[in-house]
Amino acid sequence: MEKIKKQRLFNASCMALAVTAIAFGTRAGMIDPWREEFKLSAEQVGWITGTAFWGFTLAMVIGGPFVDIVGMKRVLYIAFAFHLAGIVLTIAATGFRSLFISTLFIGIANGSVEAATNPLVTAMYPKEKTKMLNKFHVWWPMGIIIGGLVVLALQALGFGWRLQMGLILIPTALYGF
């Protein structure tokens, strides 16, 4: 594989993992605003936040074998489409149902990223699997830190959760295109 193409794929994989973590980190700061704006009960908040985890798990369980059938590229396209749809649907949310669906989409996207990028990294670097997987997975905590700091900064500046969610479109576009 051409060295430049390999580096671009690796960088895109890192950005996709960062989006996964940023979505995870920012959503935690949105729970209270959602509860207030949409008059959500604790049970509804639990369903919304839990959906991200079982959406992730569902995508990993199905996505792993699916990668062997359709390829990593198609699964990454699916991840990108679900990230994009989940972010836009979250911004346009009107209540419990739309937040539930948008969170499910983001969870599926996050799991699809994991299902496709781990084997991609190991396939690109068969002699450096451990080293490159470690470099790749450093983007998970980085994304959570970045997402958390962005939320804190934007909240301190008085910006709402919709703008915070919209900013995730930037790194999503970077890995999707």
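Structure: see above.
Each value, and the rule that gives it
Residues numbered from 1 in each chain as written. Predicted model: local features only at pLDDT ≥ 70, side-chain atom pairs only at ≥ 80, totals over all residues. Heavy atoms only, no water. Salt bridge = Lys/Arg side-chain N within 4 Å of Asp/Glu carboxyl O. Helix = DSSP H or I, 4+ residues; strand = E, 2+ residues; numbered from the N terminus. Expected span 1.5 Å × (residues − 1). Bend = angle between axes of the 7 residues up to and from the residue. Buried < 20%, exposed > 50% of the residue type's maximum accessible area, 1.4 Å probe, protein only. Contact = heavy atoms within 4.5 Å. Axes fitted to C-alpha atoms, helices over the stretch in contact; angles between N-to-C directions. Parallel < 35°, antiparallel > 145°, perpendicular 65-115°, else oblique. Left-handed = near helix turned anticlockwise from the far one by under 90°. Nonpolar A, V, L, I, M, F, W, Y, C, P; charged D, E, K, R; others polar. Polar contact = N/O pair within 3.5 Å; in protein donor to acceptor, adjacent residues only side chain to side chain.

The next thing to look at is the pattern of salt bridges. According to the stated counting rule, one finds two salt bridges in the structure shown. Residue Arg162 is joined to Glu37 by a salt bridge in which the shortest nitrogen-to-oxygen separation is 2.9 Å. Remark: Glu37 occurs in helix H2 (residues 31–38) and Arg162 occurs in helix H8 (residues 161–166); sequence separation between them is 125 residues. The shortest N-O distance in the salt bridge between Lys131 and Glu128 comes to 3.3 Å.

An ideal rise of 1.5 Å per residue puts 42 Å on 29 residues; helix H3 (residues 42–70) measures up with 40 Å between its terminal C-alpha atoms. The largest bend in H3 comes to about 40°, at Gly63, with the proline Pro65 one to four residues further on. All buried positions along H3 are accounted for by Val45, Ile48, Thr51, Gly55, Ala59, Gly63 and Val67. For H3, the secondary structure elements touched by its buried residues are H2, helix H4 (72–91) and helix H5 (96–124).

Turning our eyes to something else, we now look at the packing of H4 against H5. The geometry of H4 relative to H5 is characterised by a closest axis approach of 7 Å and an angle of 155° between their N-to-C directions. One element, H4, and the other, H5, form an angle in the roughly antiparallel class. Seen from above, H4 lies across H5 with left-handed handedness. Looking at the contact of H4 with H5 residue by residue, the class counts come to 20 nonpolar, seven polar and no charged.

Its location among the elements puts Ser98 in helix H5. The spacing of Ser98 and Ala59 is 39 residues in sequence and 20 Å in space, taken between C-alpha atoms. Within the structure, the side chain of Ser98 is placed 2.8 Å from the backbone nitrogen of Thr94, a separation counted as a polar contact. Side-chain polar atoms of Ser98 contact the backbone oxygen of Gly95, separated by 3.1 Å.

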